[in-house]
Amino acid sequence: MKLLMHACCAPCSIYCIDSLREEGIEPDIYWFNPNIHPYKEYEARLNALKEVSNIMDFNLIVEDNYGLDEFCKQVSDNILARCVNYCYPVRLRRVFEYAKENGYDAVSTTLLYSIYQKHDFIKMYCEKLSKEYGIEFLYRDFRRGFYLGQRKAKEYGIYMQKYCGCIFSEEDRYVKKTKDPLSIPEDGFIE
Ligand code: SF4
């Protein structure tokens, strides 16, 4: 199986790659994350993934797009719903597009590893894209390896981020919000 796996960051990628390799699957790793701000943070996370690609010896494809302006434009109408309205969809859609353009059989994402992300939404959205693009979605609940992956990331000595990615989540580290910014609005999502 020729698998393209979207990587949100280096620490989240380690367990996903290890567990797929145990199944005999060697994924190509695809970086496309215009949701990471500010620029120095974006650079640090991309460099960490490059470092891990050397340590673990996987094929890394980088779509280098620092998307602060576009991200802010797209989420400004409803900042609390930004994850499901724009952040997940823009990244996951691009992965399926790239997979289609480059002859991959299946797509997955390391977003399925984090215990902090909206797992069910990500799964549902990938299933929708899978039908739309005619490419298999390889679902795994990578959350079961969360602590294992974090431990290995520390052993590798790579950069470990302190917040999800966007400037709003950076603010959330310090300001307690009354509403969960990762929550899914009742009316679903907009594209
Ligand atoms: S909190 Fe995380 S998932 Fe949500 S919009 Fe920001 S970077 Fe994306």
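Conventions adopted
Residues numbered from 1 in each chain as written. Predicted model: local features only at pLDDT ≥ 70, side-chain atom pairs only at ≥ 80, totals over all residues. Heavy atoms only, no water. Axes fitted to C-alpha atoms, helices over the stretch in contact; angles between N-to-C directions. Helix = DSSP H or I, 4+ residues; strand = E, 2+ residues; numbered from the N terminus. Left-handed = near helix turned anticlockwise from the far one by under 90°. Contact = heavy atoms within 4.5 Å. Nonpolar A, V, L, I, M, F, W, Y, C, P; charged D, E, K, R; others polar. Near = heavy atom within 4 Å.

Novice: Run through the packing of helix α1 (residues 10-22) against helix α6 (residues 146-156), naming residues and quoting values.
Specialist: Taken N-terminus to C-terminus, the directions of α1 and α6 make an angle of 115°; their axes are 8 Å apart at the nearest point. Note on packing geometry: the crossing formed by α1 with α6 is right-handed. For the pair formed by α1 and α6, the contact residues are P11, I14, Y15 and D18 on the first element and L148, G149, Q150, K152, A153 and Y156 on the second. By residue class, the composition of the contact of α1 with α6 is six nonpolar, two polar and two charged.

Novice: For the packing of helix α4 (residues 82-101) against helix α5 (residues 119-133), give the residues involved together with the corresponding values.
Specialist: Each pair of packed helices gets described by two things: the angle between the helix axes and the distance between those axes. Put simply, α4 and α5 touch, their axes get as near as 10 Å, and they point 40° apart. When you trace α4 past α5, the crossing you get is right-handed. Across the interface between the two elements, V84, Y88, P89, L92, R93, F96, E97 and K100 of α4 pack against F121, I122, Y125, C126, K128, L129, S130, E132 and Y133 of α5. Looking at the contact of α4 with α5, its residues break down into 11 nonpolar, one polar and five charged.

Novice: Requested: an account of the site of the ligand, with residues and values cited.
Specialist: Residues in close proximity to the ligand total 12 residues, the closest being N35, C83, C87, C164 and C166. In terms of residue count, α4 provides more of the shell around the ligand than any other element does, four residues in total. Residue composition of the shell around the ligand, by class: seven nonpolar, four polar and one charged.

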